[in-house]
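# Fold and geometry: a report
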Amino acid sequence: MNYNRYSIEWQDRLNPYLNAVQGRTWEDTVRYFHFYDEQRAKNENLVILSEGVWMEIDVLFSNSKKLRKIRGITKDDVYYDGDYKGIYNCLGLGSLSHVFRIDEHKIDLNDVPPNKRQDELLAFIKDNTGITDERLPPVPKGILKI
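Now for a description of the structure that goes with this document. (Residues numbered from 1 in each chain as written. Predicted model: local features only at pLDDT ≥ 70, side-chain atom pairs only at ≥ 80, totals over all residues. Heavy atoms only, no water.)

### Brief notes about the pairing of strand β3 (residues 65-73)
Looking along a regular strand, one sees the side chains alternate between the two faces of the sheet. With respect to burial, β3 is a largely interior element, seven of its nine residues being buried. With eight bridges joining them, strand β2 (residues 47-58) and β3 adopt antiparallel strand pairing. Counted as the bridge partner of I48 is G72 from β3. The loop that links β2 with its antiparallel partner β3 comprises six residues; one of these, F61, has a positive phi angle of about 60 degrees. Across three bridges, β3 lies against strand β4 (residues 78-80) in antiparallel orientation. From the neighbouring strand, G72 faces β4, where its bridge partner is Y79. What sits between β3 and β4 in their antiparallel hairpin is a turn of four residues. (Buried < 20%, exposed > 50% of the residue type's maximum accessible area, 1.4 Å probe, protein only. Helix = DSSP H or I, 4+ residues; strand = E, 2+ residues; numbered from the N terminus. Pairing = 2+ DSSP bridges.)

Right, here's the structure in full:
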């Protein structure tokens, strides 16, 4: 985790999660949801991030929020970078119709058309963490982004 990327308050909230024992890994998530099947991954428009991203997610129909480490995003769902024993033990969120936060930044996908939610969430993650889609090639050194 790049500690220069986030506020001290955000890092303090993540500390219990960072010290927790991971029960299942991203590879377990891939096997459980059959993401190794290229056709299924294509049908779901699976995007795998270059590393997991800790996000706070509003729980639908309640005032509660949960912290989850996101690694995969499809057109309809968010998948976690494994699970953490004693903290959470599920591998996916179930939808993109939530409010997502990273540090003091947030995006409400409830008001975004369903066909745009995945792109909006990926852009939000990139803008606030620098973490991108693994499908994107790295920019070669010496080439200036405009």
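### Some remarks on the pattern of salt bridges
Tallied over the entire structure, the rule returns eight salt bridges. Across the pair R101 and E56 runs a salt bridge whose closest N-O atoms are separated by 3.6 Å. Residue R101 is found in strand β6 (residues 99-102), and its partner E56 is found in strand β2; the two are separated by 45 residues along the sequence. Like E56, R101 is buried. Residue R71 is joined to D81 by a salt bridge in which the shortest nitrogen-to-oxygen separation is 3.8 Å. With a gap of 10 residues between them, R71 in strand β3 and D81 in the loop between β4 and β5 (83-84) connect regions that are remote in the sequence. Salt bridges here are not isolated pairs; linked through shared partners, they connect R13, E56, D58, K65 and R101. (Salt bridge = Lys/Arg side-chain N within 4 Å of Asp/Glu carboxyl O.)

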